[in-house]
Amino acid sequence: LGRAEEGCGKAEKGGTEKGWDEFHGVDFLPEDLNEAPEETGMRVNKKYSCLPAEEKGIHIINIRAIEDIGYDQHESTLLNSLSKNPDADCKYGLYFRDGKRKVDYILVYHYKKSSAGRTLTRRVHHNDSGARSAKQDQPLPGKGVQLEMGESEPHVDYHEDDKRFRREEYEGNLVEAGLELERDEDTKIHGIGFVKIHAPWNVLCREAEFLKLKMPTKKMYQINQTHGLLKKINSVIQKITEPIQPKVAEHKPQTVKRLSYPFSREKQHLFDLSDRDSFFDSKTRSTIVRITSLLANGVYSAAYPLHDGDYEGENVEPNDRKLLCEEWASYGVFYKYQPIDLVRKYFGEKIGLYFAWLGVYTQMLIPASIVGIIVFLYGCATVDENIPSMEMCDQRNNITMCPLCDRTCSYWKMSSACATARASHLFDNPATVFFSVFMALWAATFMEHWKRKQMRLNYRWDLTGFEEEEDHPRAEYEAKVLEKSLRKEHKHKETDKEKLTWKDRFPAYLTNFVGIIFMVGLTFAIVFGVIIYRISTAAALAISSTPSGRSSVRVTVTATAVIINLVVIIILDEVYGCIARWLTQIEVPKTDKNFEERLIFKAFLLKFVNAYTPIFYVAFFKGRFVGRPGDYVYIFHSFRMEECAPGGCLMELCIQLSIIMLGKQLIQNNLFEIGIPKMKKFIRYMKLKRRRSLDHEEHMKKKQRYEVDYNLEPFAGLTPEYMEMIIQFGFVTLFVASFPLAPLFALLNNIIEIRLDAKKFVTELRRPVAVRAKDIGIWYNILRGIGKLAVIINAFVISFTSDFIPRLVYLYMYSENGTMHGFVNHTLSSFNVSDFQAGTAPNDPMDLGYEVQICRYKDYREPPWSENKYDISKDFWAVLAARLAFVIVFQNLVMFMSDFVDWIIPDIPKDISQQIHKEKVLMVEVFMREEQGKLQMLETWKDKDKKKGENCNNHSPRLSRSHSGSLSSCHSYPLDV
């Protein structure tokens, strides 16, 4: 940079522009397009002119680029430099062509080669229109589009010219901001141009100071270590867990830590600048050089930082990407801890926090899975001792049940539902209540554990004092504000600083409200359609003449209906995700953070309703509004509402939950994440294979890094990753009373999910822009909300869906011998078959081989011989009161215990709070020493000035009076400073 400014100064001092032009080249002229082919290699450099004095600092990059490619006054120097392999010197796109300046960011754009000649002509015509156009029209260094000799003037494409002009203006602004740019259009991807951006040291320092990035200082301090018994326990744990630790330097326990402080250019002497090249790592550089403008309108097609290099192949240089691929993004290391610090170093804090949260969640699923397996095994061990299921399976009871549908269904024996009753006990037993309480406390403990882990990461990653600043307004928001300002100017109104009010957004809010209501209604309508399918299919299968077909009606209908629900949920999930994004876009949120939070809220609301509506129906609505024999409730006057099995709806709820959860995880989370990227990769491979046949020589060359990364999938944000885990968290906590094995299946899924996501981030996606964050944002509030909701839902599942409360009521109020004998008979009411409505009685009343006078159905009603026959009995009210009392007690007790766990576990670990306090004290000491050093220096200057003054007084006594003022000022000057 100094040499460039010095050169321009020398040219001005020389008095003639000839020497300058000889060194820097001349402007493009239209006739230059017809020069000899051997002179075309010089074209890159024949485009610089000496700028006015006030514009010197703008095109320093262009001047340096001439030196970088070896251009000198002698053509032999240029030819020698071109004889080398420039791709190897720049490490195949990781550096500029000088091999020294690292590429921090890439801008990608589409261009048409046919418009190049007219663009160059236009540049010349506008070259004299002032300093601003001079800055914009200067081409960037690099390999640009070349026209073949004799090519005629192409057809005018004003749209392409407009985009090209906007690119030039934008790139000129980037150059003015101090960034260094280099263009490359001579790539193997035809029609695609790349602009490489490098941030020099002064720009990095300026932006790091603006962003208040905490950087390591020279001061190092000892991290507090445990002593005594805790130290021995920690050493034993480290030895035991050593095989499952990743072989990464960042993951090793540290005993010392560098003191960090927000970067300041005035205090650079405090920081460890021994290696300036690595002081700002690639993650920090991409945070600083973050460019998102001009992507929405197609001026640029992509913008991304580069990956560190290749992750596989022979002779691959060691890099963080390769290390992450080996120690993190591999299924072979599924049993190891994640190298979270290396993930943060490579991808930034926001992505690092996601994987840290996913790791903590997966670890916490281990104890939940163990307890769930124990509860399930308890149900298996006690199934033969369960008296209600034994009574249902006992054929000697000879209990005849009323038909399940009108006319086509006949009477049936309760013993035919033996298998369902025995299976229900596996999930509906006294241990289920304990497991529900345990999972509520588990959710609270998980949230507290994550807060503490998050605080540890904030300390390690120097985010303790980090406060998120208000984001800049989004381009769409500014465009709307500009449009509003122009309308007011047109109406001759005063235009102060405009902003969008609720009146401006009212149509969008109304559209959002109507759209969300419609989507929720659509989900309910689909669930209702599946209910109609279940009812009609059950009636159709009941006509089957085979006894085996009739006995498996309930299982067949349930399984097929759940599969239909699963397919619909997966399809609507994708549809609702797109609709949520569109609804958020028309709201025009001001900042990216507001946009993300509103998008998350809408997408979560729609996907929550979509995933859980079928489960809520089975848990709380199925079998509640059936009616009774002789007075059933009908849909459309033809379909009778379906009812639960004699053992309750809990078993059906378990089937529904397990199939939806497992199917959603297997198909949507894993198969889609693996299959779709592989399919896209295969399509890209086939396209490249076709191109290779046309241009074999070109494609045999090794691709540049930015070309390889351009072929990767763009990063779409963390919302889909969080969303699938949050929905899974709901499956694990909301209905865990009906499916104790849910944590186990979630654990197995997450073990694969971590490595799958890691592999996707490292190998399948472009490198995301590193974003600083100190927490997981709105997702934490959603998790807390689900944890609170889980307590309420599990209370209702236990009390209303399972038979736990009716069993307790019977045991303590109605049992004659204090056992469960007679419980099944107590829950069944009697019905006289002569009271059937006309046309609803079974077509074959003798199907069981005998005439049926009284059939039984599950309800608490008066018998037909009672005065108030078929009215609700007092037993129903006793059970209902007990159920409501259990909900209130369970909910308040578990909420109190959860809040107690929240209160007793501090959010910040004690050792971390001590370390943070220690850092503050050390920082104060550093500044105190610095101030003391300054004072000592001032005192030294003061003493020197005194001695000089005394010497002056001794040698020139006559001038003592005249010198007294100057001496006094000399003495006071250092003190004032």
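On a predicted model such as this, the values are computed, not experimentally measured, just so you know.

## Description of the overall build of the protein
A tally of helices and strands in the protein yields 34 helices and 15 strands. Here the protein holds 977 residues, and the buried ones make up 48% of them. Sequence-distant contacts, at least 24 apart, represent 80% of the contacts inside the protein between residues at least 6 apart. Split by element, the accessible area of the protein, about 49,800 Å² in all, is 59% carbon and sulfur.

## Focus on the side chain of Asp-875
Its place among the elements puts Asp-875 in helix H32 (residues 874–904). It is Lys-874 that comes nearest to the buried, bridge-free Asp-875 among opposite-charge side chains, at 5.7 Å. Discounting chain neighbours no more than four positions away, the residues touching Asp-875 are Tyr-814, His-826 and Tyr-860.

## Points about the packing of aromatic side chains
Inspection of every chain in the model, using the stated rule, returns 51 aromatic pairs. Measuring from ring centre to ring centre gives 5.9 Å for Tyr-170 and Tyr-300, while their planes differ by 55°; the resulting arrangement is tilted. Of this pair, Tyr-170 sits in helix H8 (residues 158–176) while Tyr-300 sits in the loop between helix H12 (282–288) and strand S7 (302–304), placing them 130 residues apart in sequence. Each member of the pair, Tyr-170 together with Tyr-300, is buried. Centre to centre, the rings of Phe-194 and Tyr-706 are 4.9 Å apart; their planes meet at 50°, and the pair counts as tilted. Pair noted here: Phe-194 is in strand S4 (residues 192–198) and Tyr-706 is in helix H26 (residues 705–710), with a separation of 512 residues, a long-range link. Accessibility assignment for this pair places Phe-194 and Tyr-706 in one class, buried. If you follow Lys-257 out to its NZ or CZ, it ends over the ring of Tyr-459, 5.0 Å from the centre.

## Regarding the packing of helix H30 (residues 804–814) against H32
Each pair of packed helices gets described by two things: the angle between the helix axes and the distance between those axes. With their axes 9 Å apart at the nearest point, H30 and H32 run at an angle of 120° to one another. One element, H30, and the other, H32, form an angle in the oblique class. Regarding H30 and H32, the two cross each other, and that crossing is right-handed. The segment H30 lies against H32, with Phe-804, Ile-805, Pro-806, Val-809, Met-813 and Tyr-814 engaging Asp-875, Ala-878, Val-879, Ala-882, Arg-883 and Phe-886. For the contact of H30 with H32, the residue count by class is ten nonpolar, no polar and two charged.

## As for the pattern of salt bridges
Under the defined criterion, the tally for this structure stands at 43 salt bridges. In this structure, Arg-640 engages Glu-643 in a salt bridge whose closest nitrogen and oxygen atoms are separated by 3.3 Å. When its relative accessible area of 7% is taken as the criterion, Arg-640 is described as buried. Relative accessible area serves as the criterion here: at 23%, Glu-643 is assigned to the partly exposed category. Taken together, the shared-partner salt bridges connect Glu-448, Lys-451, Arg-784, Asp-902 and Asp-907 into one network.

## Some points on the state of the cysteines
Enumeration over the complete set of coordinates arrives at three disulfides. Note that Cys-393 is cross-linked by a disulfide to Cys-418, the S-S spacing being 1.9 Å. The S-S bond linking Cys-393 to Cys-418 shows a torsion near 95°; that makes this disulfide right-handed. Separated by 25 residues along the polypeptide, Cys-393 in helix H16 (residues 387–393) and Cys-418 in helix H17 (residues 418–427) bring together distant segments of the chain.

## Topic: the packing of helix H13 (residues 320–327) against helix H28 (residues 742–764)
Here H13 crosses H28 at 160°, and the two axes come no closer than 10 Å. One finds that H13 runs roughly antiparallel with respect to H28. Two packed elements cross with a definite hand, and for H13 against H28 that hand is left-handed. Residues Arg-321, Leu-324, Cys-325 and Glu-327 of H13 pack against Arg-755, Val-762 and Thr-763 of H28. Residues that form the contact of H13 with H28 fall into these classes: three nonpolar, one polar and three charged.

## Section: the nonpolar core
Trp-357, Tyr-361, Trp-442 and Phe-735 are the most contacted members of the largest nonpolar core, which totals 127 residues. Residues contacting Tyr-361, with those up to four places away along its chain left out, are Trp-442, Phe-446, Met-725, Gln-728, Phe-729, Val-732 and Asn-750. Of all hydrophobic cores here, the second largest spans 42 residues; its members include Leu-107, Leu-204, Cys-205 and Met-455.

## Structural notes on a nonpolar patch on the surface
Together, Trp-502, Phe-506, Tyr-509, Leu-510, Phe-513, Val-514 and Ile-517 give the surface a local cluster of nonpolar side chains, amounting to about 760 Å² of exposed area. Counting through the fold element by element, Leu-510 comes out in helix H20 (residues 502–542). A relative accessible area of 44% means that Leu-510 is categorised as partly exposed.

## Topic: the confidence of the model for the protein
When the pLDDT values of the protein are averaged, the result is 77; 79% of them are 70 or greater. When mean pLDDT is taken per element in the protein, helix H15 (residues 349–382) scores highest with 93 and helix H3 (residues 60–68) scores lowest with 32. Below a pLDDT of 50 lies the segment residues 114–137, which in the model reaches 41 contacts outside its immediate sequence neighbourhood of four places, other chains included. For the stretch residues 957–977, pLDDT sits under 50, and the model shows nine contacts to residues farther than four places along the chain or on other chains.

## A look at the side chain of Thr-719
Its place among the elements puts Thr-719 in helix H27 (residues 719–733). Not counting residues within four places of it along the chain, the set of residues in contact with Thr-719 comprises Glu-596, Ile-600 and Trp-779.

## As for the environment of Val-289
Checked against the element boundaries, Val-289 lands in the loop between H12 and S7. The class for Val-289 is buried, based on a relative accessible area of 3%. Note: C-alpha distance between Val-289 and Leu-204 (85 residues apart in sequence) is 8.5 Å. Aside from chain neighbours lying at most four places away, what touches Val-289 is Asp-104, Tyr-105, Leu-179, Ile-197 and Ala-199.

## Some words on unusual backbone geometry
A positive phi angle, close to 60°, is found at Asp-462, a residue other than glycine. Locating Asp-462 in the fold gives a position in the loop between helix H18 (430–460) and helix H19 (475–490). Here Asp-462 falls in the buried class, since its relative accessible area comes to 18%. The backbone of Val-588 shows a phi angle near 55°, a positive value even though the residue is not glycine. Within the fold, Val-588 resides in the loop between helix H22 (553–587) and helix H23 (592–620). Under the relative-accessibility criterion, Val-588 is labelled buried at 8%.

## Things to note about the environment of Ile-674
Mapping Ile-674 onto the fold places it in helix H24 (residues 650–694). C-alpha separation for the pair Ile-674 and Lys-759, spaced 85 residues apart in sequence, amounts to 9.8 Å. Not counting chain neighbours up to four residues away, the residues in contact with Ile-674 comprise Tyr-331 and Leu-756.

## Re the environment of Leu-922
Secondary-structure assignment places Leu-922 in helix H33 (residues 910–955). Put simply, Leu-922 and Met-220 are 702 residues apart on the chain and 9.6 Å apart in space, counted from C-alpha to C-alpha. In this view, Leu-922 contacts Lys-219, Tyr-221 and Leu-259; residues no more than four positions away in its chain are not counted.

The rules behind the values
Residues numbered from 1 in each chain as written. Predicted model: local features only at pLDDT ≥ 70, side-chain atom pairs only at ≥ 80, totals over all residues. Heavy atoms only, no water. Helix = DSSP H or I, 4+ residues; strand = E, 2+ residues; numbered from the N terminus. Buried < 20%, exposed > 50% of the residue type's maximum accessible area, 1.4 Å probe, protein only. Contact = heavy atoms within 4.5 Å. Areas by Shrake-Rupley, 256 points an atom, 1.4 Å probe, with all protein chains shown as cover. Lys, Arg positive; Asp, Glu negative; His and termini not counted. Salt bridge = Lys/Arg side-chain N within 4 Å of Asp/Glu carboxyl O. Phe/Tyr/Trp six-rings, centres within 6.5 Å; stacked < 30°, edge-to-face > 60°. Lys NZ or Arg CZ within 6 Å of the ring centre and 35° of its normal. Axes fitted to C-alpha atoms, helices over the stretch in contact; angles between N-to-C directions. Parallel < 35°, antiparallel > 145°, perpendicular 65-115°, else oblique. Left-handed = near helix turned anticlockwise from the far one by under 90°. Nonpolar A, V, L, I, M, F, W, Y, C, P; charged D, E, K, R; others polar. Disulfide = S-S within 2.5 Å. Core = buried A, V, L, I, M, F, W, Y, C linked by side-chain atoms within 4.5 Å. Patch = residues over 30% accessible without salt bridge, like charges linked within 9 Å, V, L, I, M, F, W, Y side chains within 5 Å. pLDDT = per-residue confidence, 0-100.

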